[in-house]
Amino acid sequence: MITKPSNIGRWIGAIIAAIVLVAVSFVGFRAFNARAHANAEPQSGAQSPQSDSTAQSGTQSGDTPQSAEPTPVDVPKPTPPPNLYAGGQIGAQATAQYYLELRAYSINMGDTEDYMMICDEGEFCTEFDTDVHTLHTDRIVTRPISMKYLMTKQVWECTDRSDDTSGTCIKFDYSETPGHAVRRDNNTDNPQYSTIGLSKESADTDRHYEAVMLLAYEGDTWVVKRVWSQEE
């Protein structure tokens, strides 16, 4: 059965996974596939959520490093869910959950290897990989972020009209909990990020989002092609 997404036209480019950096926060999904500008529609012909590029949250300047070297976080790598390699909707949902966990882990630890294996959003994945490594060169994460898949709302077969990418779309709710980090050296140039946004707002409370993810089953693995999200 093909379901149709609701509230058409109110979706924006995703902002997921906030990290707070001691007076500076960064959102790991500031432009969750912002370049897609995708019009993913169910194959039945009904239109689904659209994606627009989001502006960077806050600022990337004015950080003050601490005098003593802070202790970086040590977060275990997420365990692959049991149905990760299953076909059908159950495998797609397991991959969506794993994708969120790996994205948070990548930002926390600077290790993007497993994330890149299921991220198939073209240049966005490559730029995220670069941004994560730049982030860990410039900053020390002292409190980890977390992202939690909460519930599945809808699943349907869909096509991104911008490039005819077809697959399975999942609409779901998730939460993110911000973390903290500090700059290593405030005398160096502040890096610019294309997939991670910085903000001086310190948000210590959970945020809740609704997202749509387009996945494709390639070989024996689900890969993520597109993601759109908005805060609830």
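All of the points below concern the structure found in this document.

Calculation rules
- Residues numbered from 1 in each chain as written.
- Predicted model: local features only at pLDDT ≥ 70, side-chain atom pairs only at ≥ 80, totals over all residues.
- Heavy atoms only, no water.
- Helix = DSSP H or I, 4+ residues; strand = E, 2+ residues; numbered from the N terminus.
- Contact = heavy atoms within 4.5 Å.
- Salt bridge = Lys/Arg side-chain N within 4 Å of Asp/Glu carboxyl O.
- Buried < 20%, exposed > 50% of the residue type's maximum accessible area, 1.4 Å probe, protein only.
- Disulfide = S-S within 2.5 Å.
- Axes fitted to C-alpha atoms, helices over the stretch in contact; angles between N-to-C directions.
- Nonpolar A, V, L, I, M, F, W, Y, C, P; charged D, E, K, R; others polar.
- Core = buried A, V, L, I, M, F, W, Y, C linked by side-chain atoms within 4.5 Å.
- Expected span 1.5 Å × (residues − 1).
- Arc of directions from axis to C-beta.

Below, the discussion takes up the environment of H133. Structurally, H133 can be placed in helix 3 (residues 123-138). It is 8.7 Å that separates the C-alpha atoms of H133 and I107, two residues lying 26 residues apart in sequence. Here H133 is in contact with G110 and T112, once residues within four sequence places are set aside.

Let us look at the pattern of salt bridges. Scanning all chains against the criterion turns up 12 salt bridges. Among the salt bridges present, the one from R139 reaches D138, with a minimum N-O distance of 3.3 Å. With respect to class, R139 is no different from D138; both count as buried. Between E176 and R207 there is a salt bridge, with the nearest N and O atoms lying 3.9 Å from each other. Of this pair, E176 sits in strand 6 (residues 165-177) while R207 sits in strand 9 (residues 207-218); the two residues are 31 residues apart in sequence, bridging distant segments of the chain.

A few words now on the state of the cysteines. On inspection of all chains with the given rule, the structure shows 2 disulfides. Put simply, C119 and C125 are joined by a disulfide, and their sulfur atoms are 2.0 Å apart. Residues C119 and C125 share a disulfide whose torsion about the S-S bond is about -85 degrees; that sign makes it left-handed. For the pair C119 and C125, a shared accessibility class is recorded, and that class is buried.

Here we come to the packing of helix 1 (residues 88-109) against helix 3. Here helix 1 crosses helix 3 at 35 degrees, and the two axes come no closer than 8 Å. Across from R103, S106, I107, N108 and M109 in helix 1, the residues of helix 3 making contact are F124, F128, V132, L135 and H136. Here the contact of helix 1 with helix 3 is built from residues that sort into 6 nonpolar, 3 polar and 1 charged.

Attention shifts here to the nonpolar core. With 33 residues, the main nonpolar core has Y99, Y115, I170, F172, Y174, M213 and L215 as its most contacted residues. Mapped onto this core, the elements with two or more residues apiece are helix 1, helix 2 (113-118), helix 3, strand 5 (146-160), strand 6, strand 9 and strand 10 (221-231). Sorting elements by how many residues they give to this core places helix 1 first, with 8 residues. Grouped together as the second largest cluster of nonpolar side chains are 6 residues, C158, C169, L214 and W228 included.

Taking 1.5 Å as the rise per residue, helix 3 with 16 residues should run 22 Å; its terminal C-alpha atoms sit 22 Å apart, in good agreement. Three or more residues of helix 3 are buried, namely F124, C125, E127, F128, D131, V132, L135, H136 and D138. For helix 3, the angular spread of the buried residues around the axis is 165 degrees, confining them to a single face. Along helix 3, the residues that are exposed and aim more than 90 degrees away from the buried face are E123 and T137.

Next up on the list: helix 1. Note on helix geometry: an α-helix contains 3.6 residues per turn, so any two residues three or four positions apart are oriented the same way. For helix 1, spanning 22 residues, the distance from its first C-alpha to its last is 31 Å, which sits close to the expected 32 Å at 1.5 Å a residue. Positive backbone phi, approximately 80 degrees, marks G110, located one or two places after helix 1.

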